[in-house]
Amino acid sequence: APIVQAHGGSIRKAFDQNMSDCGVSKMVEVMESDSVLAAEKFPDGSCSVVFIDAGHTYEEVLADIMAWTPKMRPGGIMAGHDHNLSDIARAVTEFCESKGIKFEAGAQENDV
(Lines give C-alpha, C1' and ligand atoms only; values in the text may rest on other atoms or scores of the structure.)
Protein backbone atom coordinates (compact mmCIF):
# COMPACT_ATOMS: atom_id res chain seq x y z
CA ALA A 1 0.00 0.00 0.00
CA PRO A 2 1.26 3.50 -0.74
CA ILE A 3 1.00 4.62 2.90
CA VAL A 4 3.16 1.72 4.04
CA GLN A 5 5.74 2.46 1.34
CA ALA A 6 5.73 6.15 2.27
CA HIS A 7 6.64 5.21 5.84
CA GLY A 8 9.47 2.80 5.03
CA GLY A 9 7.49 -0.43 5.39
CA SER A 10 5.71 0.32 8.68
CA ILE A 11 3.07 2.84 9.62
CA ARG A 12 3.64 2.37 13.36
CA LYS A 13 5.25 5.81 13.76
CA ALA A 14 2.34 7.47 11.91
CA PHE A 15 -0.14 5.46 14.01
CA ASP A 16 1.55 6.54 17.24
CA GLN A 17 1.52 10.17 16.10
CA ASN A 18 -2.19 9.96 15.21
CA MET A 19 -2.99 8.51 18.65
CA SER A 20 -1.03 11.33 20.28
CA ASP A 21 -2.64 14.01 18.10
CA CYS A 22 -6.08 12.70 19.06
CA GLY A 23 -5.18 12.63 22.75
CA VAL A 24 -5.89 8.93 23.17
CA SER A 25 -2.39 7.48 23.54
CA LYS A 26 -2.98 6.61 27.19
CA MET A 27 -6.24 4.84 26.33
CA VAL A 28 -4.78 2.57 23.65
CA GLU A 29 -2.57 -0.44 24.23
CA VAL A 30 -0.80 -1.32 21.02
CA MET A 31 -0.03 -4.98 20.39
CA GLU A 32 1.92 -5.78 17.25
CA SER A 33 1.08 -9.44 16.78
CA ASP A 34 -0.67 -11.99 14.68
CA SER A 35 -4.38 -11.47 15.35
CA VAL A 36 -5.12 -15.03 16.46
CA LEU A 37 -2.10 -15.06 18.80
CA ALA A 38 -3.10 -11.67 20.23
CA ALA A 39 -6.59 -12.99 21.01
CA GLU A 40 -5.03 -15.63 23.27
CA LYS A 41 -3.81 -12.84 25.59
CA PHE A 42 -7.34 -11.66 26.39
CA PRO A 43 -9.68 -13.43 28.80
CA ASP A 44 -12.98 -14.66 27.38
CA GLY A 45 -15.75 -12.09 27.74
CA SER A 46 -13.33 -9.21 28.34
CA CYS A 47 -13.73 -7.06 25.20
CA SER A 48 -16.51 -4.57 24.51
CA VAL A 49 -15.12 -3.62 21.09
CA VAL A 50 -12.82 -5.50 18.75
CA PHE A 51 -11.65 -4.09 15.42
CA ILE A 52 -9.99 -6.56 13.05
CA ASP A 53 -7.89 -5.46 10.10
CA ALA A 54 -5.60 -8.40 9.51
CA GLY A 55 -5.37 -11.16 6.88
CA HIS A 56 -7.65 -10.92 3.89
CA THR A 57 -8.13 -14.54 2.81
CA TYR A 58 -11.30 -16.41 3.70
CA GLU A 59 -9.36 -18.73 6.02
CA GLU A 60 -7.53 -15.87 7.79
CA VAL A 61 -10.71 -13.88 8.33
CA LEU A 62 -12.60 -16.89 9.64
CA ALA A 63 -9.73 -17.74 12.01
CA ASP A 64 -9.69 -14.16 13.32
CA ILE A 65 -13.44 -14.09 13.89
CA MET A 66 -13.38 -17.46 15.62
CA ALA A 67 -10.45 -16.40 17.84
CA TRP A 68 -12.01 -13.10 18.89
CA THR A 69 -15.68 -14.07 19.28
CA PRO A 70 -15.20 -15.73 22.70
CA LYS A 71 -13.40 -12.58 23.87
CA MET A 72 -16.50 -10.44 23.32
CA ARG A 73 -18.73 -9.26 26.15
CA PRO A 74 -22.48 -9.73 25.65
CA GLY A 75 -23.68 -6.86 23.48
CA GLY A 76 -20.14 -6.10 22.32
CA ILE A 77 -19.23 -4.91 18.86
CA MET A 78 -16.84 -6.61 16.49
CA ALA A 79 -15.90 -4.52 13.49
CA GLY A 80 -13.42 -4.78 10.68
CA HIS A 81 -12.16 -3.41 7.45
CA ASP A 82 -12.38 -4.26 3.75
CA HIS A 83 -15.77 -5.99 3.81
CA ASN A 84 -16.03 -5.09 0.13
CA LEU A 85 -13.49 -7.85 -0.64
CA SER A 86 -15.21 -11.11 -1.52
CA ASP A 87 -13.26 -13.47 0.80
CA ILE A 88 -13.85 -11.19 3.77
CA ALA A 89 -17.54 -10.72 2.99
CA ARG A 90 -18.05 -14.47 2.57
CA ALA A 91 -16.28 -15.37 5.83
CA VAL A 92 -18.17 -12.74 7.83
CA THR A 93 -21.55 -13.56 6.30
CA GLU A 94 -21.18 -17.34 6.67
CA PHE A 95 -19.94 -17.09 10.26
CA CYS A 96 -22.70 -14.71 11.32
CA GLU A 97 -25.42 -16.76 9.64
CA SER A 98 -24.16 -19.99 11.21
CA LYS A 99 -24.23 -18.44 14.71
CA GLY A 100 -27.36 -16.31 14.35
CA ILE A 101 -25.31 -13.16 14.94
CA LYS A 102 -26.59 -9.79 13.79
CA PHE A 103 -24.40 -8.29 11.08
CA GLU A 104 -24.54 -4.82 9.58
CA ALA A 105 -22.32 -3.73 6.70
CA GLY A 106 -21.27 -0.11 7.12
CA ALA A 107 -20.16 2.42 4.55
CA GLN A 108 -17.58 1.13 2.14
CA GLU A 109 -14.51 3.15 1.22
CA ASN A 110 -15.99 3.90 -2.19
CA ASP A 111 -19.27 5.06 -0.60
CA VAL A 112 -17.68 7.95 1.27
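As the structure is a computational prediction, the values presented were derived from the model and not from experiment.

(A) Inspection of the overall build of the protein at higher detail. Counting its secondary structure elements, the protein contains five helices and two strands. Element order for the protein, N to C, with α for helix and β for strand: α-α-α-β-α-β-α. If one aligns the C-alpha atoms of the protein with their principal axes, the spans along those axes are about 40 × 35 × 25 Å. Accessible area for the protein stands at about 8100 Å²; split by element, carbon and sulfur atoms hold 55% of it.

(B) Geometry of the pairing of strand 2 (residues 72-80). As paired strands, strand 1 (residues 47-52) and strand 2 are joined by five bridges and run parallel to one another. When the sheet's bridge partners are listed, valine 49 is paired in strand 2 with isoleucine 77. For the crossover from strand 1 across helix 4 (residues 58-68) to strand 2, the handedness is right-handed.

(C) Structural detail: the side chain of aspartate 64. Looking at the element boundaries, aspartate 64 is found in helix 4. Lysine 71 provides the closest opposite charge to the buried, unpaired aspartate 64, separated from it by 12 Å. Among the polar contacts listed, one links the side chain of aspartate 64 to the side chain of serine 35, at a separation of 3.1 Å. In contact with aspartate 64, other than residues within four places in its own chain, are Ser35, Val36, Ile52, Ala54 and Gly55.

(D) A look at the environment of proline 70. With respect to the secondary-structure elements, proline 70 resides in the loop between helix 4 and strand 2. By relative accessible area, which is 38% here, proline 70 ends up partly exposed. On a C-alpha basis, the gap between proline 70 and glycine 45 in space is 6.2 Å, while along the polypeptide they are 25 residues apart. For proline 70, the residues in contact, after removing those within four places along its chain, are Asp44 and Gly45.

Thresholds, definitions, all that
- Residues numbered from 1 in each chain as written.
- Predicted model: local features only at pLDDT ≥ 70, side-chain atom pairs only at ≥ 80, totals over all residues.
- Heavy atoms only, no water.
- Helix = DSSP H or I, 4+ residues; strand = E, 2+ residues; numbered from the N terminus.
- Areas by Shrake-Rupley, 256 points an atom, 1.4 Å probe, with all protein chains shown as cover.
- Pairing = 2+ DSSP bridges.
- Right-handed = clockwise from strand over helix to strand, strands pointing away.
- Buried < 20%, exposed > 50% of the residue type's maximum accessible area, 1.4 Å probe, protein only.
- Lys, Arg positive; Asp, Glu negative; His and termini not counted.
- Salt bridge = Lys/Arg side-chain N within 4 Å of Asp/Glu carboxyl O.
- Polar contact = N/O pair within 3.5 Å; in protein donor to acceptor, adjacent residues only side chain to side chain.
- Contact = heavy atoms within 4.5 Å.

By themselves, these figures tell us nothing about what the structure is for.
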